[in-house]
Amino acid sequence: EPEVTQTPSHQVTQMGQEVILRCVPISNHLYFYWYRQILGQKVEFLVSFYNNEISEKSEIFDDQFSVERPDGSNFTLKIRSTKLEDSAMYFCASSELGDSPLHFGNGTRLTVT
Amino acid sequence: DQQVKQNSPSLSVQEGRISILNCDYTNSMFDYFLWYKKYPAEGPTFLISISSIKDKNEDGRFTVFLNKSAKHLSLHIVPSQPGDSAVYFCAASPRNSNSGYALNFGKGTSLLVTP
């Protein structure tokens, strides 16, 4: 069964550094998402992306965050200057259509020291 | 701001019996609801969904019931199997086919199915 793949599985970075989290969505899917889960908290929506542009974003997704689809297969989340509170599990997801269920990757655990 | 609430952090059920996981929501704009299962070190796996025009949706051992007036949904697993042991998340969203889903998740219920 096709799946969403995320790399790396674990990223450790120092506060203030830039990180890029990478995702390969399911190939025929058109909608892409980033969610995050801080330890002990619920999964939170960050951003949705369709037709090469952001379609919706949460208040968490401030100017420090950006997303990009640099080619036909990858979808990336960049955090420009990481803070301690950015430490979380970041999940990429994709859906075939706008009203189809989301399929999630296994996540990237980001640790900011 | 918890718009989706799963009030039971954990549930233990014997193999073969029914597991009932509950979820409440507060936002009346929500009209699409999903259940996800999550194992440790993996991402959430889609189980079943229901839209607000229905009150029941069934897929094999999994059935989701929606009570719009009570803003309540439940997931029934019958019969429960040890492999069902996982954390179950309820999620909800206004339906917006143009922008995809900004899902609101509950905190999850950890289900343990004992032999």
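For the structure, see preceding data.
So, here's what we can say about the structure. The structure presented is a predicted model; accordingly, all values stated were derived computationally and were not measured.

**Considering the interface of chain B and chain A**
Moving on, step 1. Tallying the contact residues gives 24 residues for chain B and 20 residues for chain A.
Moving on, step 2. Summed over both partners, the interface of chain B with chain A buries about 1800 Å², with 58% contributed by carbon and sulfur atoms.
Moving on, step 3. For the pair chain B and chain A, the number of links is zero salt bridges.
Moving on, step 4. Our count for the contact surface shared by chain B and chain A stands at five residue pairs in polar contact (both at pLDDT 80 or more).
Moving on, step 5. With four residues, the single largest contributor to the side of chain B that touches chain A is strand β4 (residues 32–38) of chain B.

**A word on the pattern of salt bridges**
Moving on, step 1. Applying the stated criterion across every chain yields a total of three salt bridges over all chains.
Moving on, step 2. Here Arg36(A) makes a salt bridge to Glu44(A), at a shortest N to O gap of 3.3 Å.
Moving on, step 3. For the salt bridge of Asp84(B) with Arg61(B), the shortest nitrogen-to-oxygen distance reads 2.8 Å. Residue Asp84(B) is found in the loop between β8 (72–77) and β9 (86–93), and its partner Arg61(B) is found in the loop between β6 (56–59) and β7 (62–67); the two are separated by 23 residues along the sequence.
Moving on, step 4. You can call Arg61(B) partly exposed: its relative accessible area is 21%.

**Quick word on the sheet that holds strand β7 (residues 65–68) of chain A**
All names here are of chain A.
Moving on, step 1. Ordered in space as β1-β3-β8-β7, the four strands form an open sheet in which the pairing is antiparallel. At either end of the open sheet lies a strand with only one pairing partner, and these are β1 (5–7) and β7. Averaged over all pairs of adjacent strands, the angle between their axes in this sheet comes to 20 degrees, without regard to strand direction.
Moving on, step 2. Across three bridges, β1 lies against strand β3 (residues 19–24) in antiparallel orientation. The partner of Thr-5 across the bridge, within β3, is Val-24.

**Considerations on the packing of aromatic side chains**
Moving on, step 1. One pass over the structure, following the stated rule, counts 18 aromatic pairs over all chains.
Moving on, step 2. Centre to centre, the rings of Tyr35(A) and Phe45(A) are 5.4 Å apart; their planes meet at 65 degrees, and the pair counts as edge-to-face. Residue Tyr35(A) is found in strand β4 (residues 31–37), and its partner Phe45(A) is found in strand β5 (residues 43–50); the two are separated by ten residues along the sequence. In this structure, Tyr35(A) and Phe45(A) share a single accessibility class: buried.
Moving on, step 3. Plain terms: the ring middles of Tyr25(B) and Phe30(B) are 6.2 Å apart, the flat faces sit at 50 degrees to each other, and that makes the pair tilted. Across the pair, Phe30(B) and Tyr25(B) agree in class, each one buried.
Moving on, step 4. An aromatic cluster of at least three residues, connected via ring pairs, comprises Tyr33(A), Tyr35(A), Phe45(A), Phe91(A), Phe104(A), Tyr36(B), Phe46(B), Phe89(B) and Phe105(B).

**Let's talk about the state of the cysteines**
Covalent bonding between the sulfur atoms of two cysteines is what defines a disulfide.
Moving on, step 1. For the structure shown, the criterion picks out two disulfides over all chains.
Moving on, step 2. The partner cysteine of Cys23(A) in its disulfide is Cys92(A), sulfur to sulfur 1.9 Å. What sets the handedness of the Cys23(A) and Cys92(A) disulfide is the S-S torsion sign, and at about -65 degrees it is left-handed. With a gap of 69 residues between them, Cys23(A) in strand β3 and Cys92(A) in strand β9 (residues 88–95) connect regions that are remote in the sequence.
Moving on, step 3. The buried category is assigned to Cys92(A), whose relative accessible area is 0%.
Moving on, step 4. Covalent S-S linkage joins Cys23(B) and Cys90(B), the inter-sulfur distance amounting to 2.0 Å. Between Cys23(B) and Cys90(B), the disulfide has an S-S torsion of -75 degrees and is therefore left-handed. Here the residue Cys23(B) occupies a position in strand β3 (residues 19–25), and Cys90(B) occupies one in strand β9, the gap between them amounting to 67 residues. The residues Cys23(B) and Cys90(B) share a single accessibility class, namely buried.

Thresholds applied
Residues numbered from 1 in each chain as written. Chains lettered and ligands numbered in written order. Predicted model: local features only at pLDDT ≥ 70, side-chain atom pairs only at ≥ 80, totals over all residues. Heavy atoms only, no water. Contact = heavy atoms within 4.5 Å. Buried area = accessible area lost by both parts, 1.4 Å probe. Salt bridge = Lys/Arg side-chain N within 4 Å of Asp/Glu carboxyl O. Polar contact = N/O pair within 3.5 Å; in protein donor to acceptor, adjacent residues only side chain to side chain. Helix = DSSP H or I, 4+ residues; strand = E, 2+ residues; numbered from the N terminus. Buried < 20%, exposed > 50% of the residue type's maximum accessible area, 1.4 Å probe, protein only. Pairing = 2+ DSSP bridges. Axes fitted to C-alpha atoms, helices over the stretch in contact; angles between N-to-C directions. Phe/Tyr/Trp six-rings, centres within 6.5 Å; stacked < 30°, edge-to-face > 60°. Disulfide = S-S within 2.5 Å.

Interpretation note: all reported values are geometric properties and have no functional meaning in isolation.
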